[in-house]
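Remarks on the overall topology
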Amino acid sequence: MSEDVVISTHDLTKFYGRTPVVDRLNLQVPAHQITAFLGRNGAGKSTTIKMLLGITYPTSGMGTVLGKQILDAAQNREARCDVAYVAEDKQLYPYMTVEQLVRFAKSFYSTWRPDVESRLLRQFELPPTRKVRALSKGMRGKLALLLALSRRPSLLILDEPSEGLDPVGIEELLQELMTASADGVTIFFSSHQIAEVERIADRACIIDRGKLRMNISMEEMRQRCRRITIAFQGDPPDRAFNFPGVRRVRTDGRQTVLLAEENVDALIELARREGAAQVEVDPVSLRELFLETVKEGHDALV
Amino acid sequence: MIFKVNPAVGQPLYIQLIQQIRHAIETGLLVDGETLPAIRSLAAELVVSPNTIVKAYSELEHEGLLELRHGSGVYVSAKRRVKSRADLVRAAQLKVRKAIENLRDEGFSDEEIHRMVEAELFYASRAGRNA
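Residues numbered from 1 in each chain as written. Chains lettered and ligands numbered in written order. Predicted model: local features only at pLDDT ≥ 70, side-chain atom pairs only at ≥ 80, totals over all residues.

Of regular secondary structure, chain A possesses 10 helices and 15 strands. If one aligns the C-alpha atoms of chain A with their principal axes, the spans along those axes are about 75 × 40 × 35 Å. Across the 302 residues of chain A, 43% fall into the buried class. (Helix = DSSP H or I, 4+ residues; strand = E, 2+ residues; numbered from the N terminus. Buried ≥ 20, exposed ≤ 12 C-beta atoms within 10 Å, placed from the backbone.)

Printed below as a string of structure tokens:
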């Protein structure tokens, strides 16, 4: 495998009954980056993550994590030594106290960092003698993050990490993720908090109904994606803008709105040649791209 | 020095950062020898990917505006060539400000002005390339 790819799947598929939850997913996650895994509820995010970690067995297809086959139990175990995972439900062990759980987790890892542990215990204000069961959802999330970061993994996988956290907690979480990333940890996290993804991610992968719909660098998106609003004096020309790089064409009265991933310059020129009265160019947000991508998929169903 | 990045603007974050640092150097806000925050602390402060900071810093290092000393920090290296540019930048700033003021006087909103500038920049870069 390439050293630069930490997660790679090939036609990874999972059926629950007769429904494909993950449907021939081909996903590549580069090393040393922050990759967001975006999708609606039930799009297949958690199932994909569980297959990568050997928690759920795929129906078909294959994949590697840190170069180790996920279908091979021994290899998968090896990979998991270097992968930390913060689960969506953050169950942990309800009958242990914070202190006990930290001591318990630490005994498994030779790479444990006491400095990170004590810094985060203080910063997250976790009460050492309280039982996990008595912690709030937010506190359990922080504890799970502490356990994951204190291990110094090479890959950190988080399933909806900010869910249940208040705004201050989210900020703390994101700052810790940035620090870990600066220390060389590759981060792969699922989310539907588009605003936070837009801020921190190097790359966004959009999954919808089990399929990967988009895998885009955020900086490329900012650089290249544009919404072009073209106003005409009369009726807009038909089909003129079915052009490579145009993700969507929408016509509303005398206005045509294009969502373009590339060829913006050529499209502006084309608009002028078609007699546009006015051309406006705006940046496209991840939210807009996400909605278009997900909607497009559902249109295709009809 | 406080930097800020806006993910909603159609411009890569590392370029926003580069422009702010370059601008601060050109206008004398950052002077030769001054230090900038380390990658990990700036990433945590701005809550952006460290790769964004790395990319901005290394590009500025390539331009000779920053010096990255391993383990010790990030230093501004504002050579004389930059200082002579400071006046040009100030003059240009004034022109832009005047143009914006004129458009506002004519009743255009800031958002409209913003869009016009963006469309014009695209158009100009296309025309330039074809020339």
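That covers the picture; the talk isn't over yet.
For the rest of this paragraph, the subject is the sheet that holds strand E12 (residues 226-232) of chain A. All names here are of chain A. Read from one edge of the open sheet, four strands run E13-E14-E12-E15, paired in antiparallel fashion. Each of the sheet's edge strands pairs with one partner strand only, and the pair in question is strand E13 (246-252) and strand E15 (276-283). Sheet twist, expressed as the mean angle between neighbouring strand axes with direction ignored, is 15 degrees. Sheet analysis places E13 next to strand E14 (residues 255-260), joined by six bridges and oriented antiparallel. For valine 246, the partnering residue across the bridge sits in E14 and is alanine 260. (Pairing = 2+ DSSP bridges. Axes fitted to C-alpha atoms, helices over the stretch in contact; angles between N-to-C directions.)

This part is about the interface of chain A and chain B. With 28 residues of chain A at the interface, the matching set in chain B holds 24 residues. Mapped by element, the contributors of at least two residues to the side of chain A that touches chain B are helix H6 (167-182), helix H7 (194-200), helix H8 (218-224), helix H9 (264-273) and E15 of chain A. Counting residues per element, the side of chain A that touches chain B draws most heavily on H6(A), at seven residues. (Contact = placed C-beta atoms within 7 Å.)

Two packed helices can be described by the angle between their axes and the distance between those axes. All names here are of chain B. Contact geometry for helix H1 (residues 13-26) and helix H3 (residues 50-63): axes closest at 8 Å, N-to-C directions at 45 degrees. Relative to H3, H1 is oriented oblique. Handedness of the H1/H3 crossing: right-handed. In contact with Leu13, Tyr14, Leu17, Ile18, Ile21 and Arg22 of H1, H3 contributes Thr52, Lys55, Ala56, Glu59 and Leu60. Counted by class, the contact of H1 with H3 contains seven nonpolar, one polar and three charged residues. (Parallel < 35°, antiparallel > 145°, perpendicular 65-115°, else oblique. Left-handed = near helix turned anticlockwise from the far one by under 90°. Nonpolar A, V, L, I, M, F, W, Y, C, P; charged D, E, K, R; others polar.)

Glancing now at the packing of helix H5 (residues 137-149) of chain A against H6(A). Residues and elements named next belong to chain A. At a minimum axis separation of 11 Å, H5 and H6 run at an interaxial angle of 10 degrees. Between H5 and H6, the interaxial angle falls into the category roughly parallel. Facing H5, whose interface residues are Gly138, Lys142, Leu145 and Leu149, H6 presents Gly169, Leu173, Glu176 and Ala180. When grouped by side-chain class, the residues that make up the contact of H5 with H6 number four nonpolar, two polar and two charged.

Next up on the list: the environment of A:Ile34. Considering the arrangement of structural elements, one finds A:Ile34 in strand E4 (residues 34-38). For A:Ile34, a count of 27 C-beta atoms within 10 Å translates into the label buried. For the pair A:Ile34 and A:Met96, spaced 62 residues apart in sequence, the C-alpha separation works out to 32 Å. Dropping the residues within four chain positions of it, A:Ile34 is found in contact with A:Ser181, A:Ile187, A:Ile200, A:Ala201, A:Asp202 and B:Ser49.

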